Amino acid sequence: MARTLHNVGLRVGLTVASSEPACHAACIVLLGSAEPAPAPECRPLLSLLVTMASRMPAGHLSLEAGMTCMPYKMQALRLLEAVCDQDHDRVRGIYQSMADQDTEDLNQEHEIGWRTLTNIVTTSSVSILLAGS
């Protein structure tokens, strides 16, 4: 279940971020472009994945489940959902909670997708927080 959540979460997260106006500037800076991906509406799926992750026992989202940085990655999906909703309070709370989580393994070469997604989402969240100040 954790592997499915990991793989589907990355794909859905990148699709939502690439078509989300709040992530537009971050996509340009980090990807070199911000053309929306031609994909069906994935926002409801993002919400479903966030709900599923919140109901999973912590052990399923740990390194023992074979996935690295899963708590951080799932928080990134929650943050993306808050960015899409333009919910400043949720963005602030989730962004601050992510500061203490382990991200060292995101530097591995095979984590480029999650590293890109989390960079887009955190950059977009900082932009929202600065705009709301």
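It should be emphasised that the depicted structure is a prediction, and the values quoted were computed from it without experimental measurement. Numbering of residues starts from 1 in every chain and runs along the sequence as written. Note on the predicted model: pLDDT of at least 70 is required for a residue's local features to be given, and 80 or more for side-chain atom pairs to be given and counted; whole-chain, interface and lining totals, by contrast, use all residues. In computing side-chain values, all of the structure's heavy atoms are included and hydrogens and water are not.

(A) Inspection of the nonpolar core at higher detail. The nonpolar core is taken to be a set of buried Ala, Val, Leu, Ile, Met, Phe, Trp, Tyr and Cys residues, with the residues joined through side-chain atoms within 4.5 Å. Here the term buried applies to any residue with accessible area under 20% of the maximum for its type, exposed to any over 50%, and partly exposed to those in between, with areas from a 1.4 Å probe on protein chains only. Counting 38 residues, the largest nonpolar core has Met74 and Leu80 as the members making the most contacts within it. Where helices and strands are cited, they refer to DSSP runs of H or I of at least four residues and of E of at least two residues respectively, numbered from the N terminus. Looking at this core, the elements with two or more residues in it are helix 1 (2-19), helix 2 (24-31), helix 3 (43-55), helix 4 (70-85), helix 5 (88-98) and helix 6 (112-132). With 10 residues, helix 4 is the single largest residue contributor to this core. Discounting residues that sit within four places of it in the chain, Leu80 has contacts with Gly13, Val16, Ala17, Cys23, Leu46 and Val121. The criterion used for residue contact is that any of the two residues' heavy atoms lie within 4.5 Å.

(B) Quick look at unusual backbone geometry. Even without being glycine, Gln86 reaches a positive phi, approximately 55°. Gln86 sits in the partly exposed class, given a relative accessible area of 40%.

(C) Structural context of the confidence of the model for the protein. Summary of the metric used: pLDDT quantifies the predictor's per-residue confidence within the range 0 to 100. Overall, the prediction assigns the protein a mean pLDDT of 86, with 89% of residues at 70 or greater. Of all secondary-structure elements in the protein, the lowest mean pLDDT belongs to helix 2, at 84, while helix 5 reaches the highest, 95.

(D) Structural view of the packing of helix 1 against helix 6. A fitted line through C-alpha atoms represents every axis, and for helices the fit uses only the stretch in contact; the resulting angles, taken between N-to-C directions, go from 0 to 180 degrees. Look at helix 1 against helix 6: their axes get within 10 Å of each other, and the N-to-C directions meet at 45°. One way to sum up the angle between helix 1 and helix 6 is to call them oblique. As for how helix 1 packs across helix 6, the hand of that crossing is left-handed. Each of His6, Gly9, Leu10, Gly13, Leu14 and Ala17 in helix 1 lies in contact with helix 6, whose residues at this interface are Gly113, Trp114, Leu117 and Ile120. In this scheme, roughly parallel covers angles under 35 degrees and roughly antiparallel covers those over 145, while 65 to 115 is roughly perpendicular and the rest are oblique. Each helix crossing is assigned a hand: it is left-handed if the near helix lies turned anticlockwise from the far helix by less than a right angle, otherwise right-handed if that turn is clockwise.

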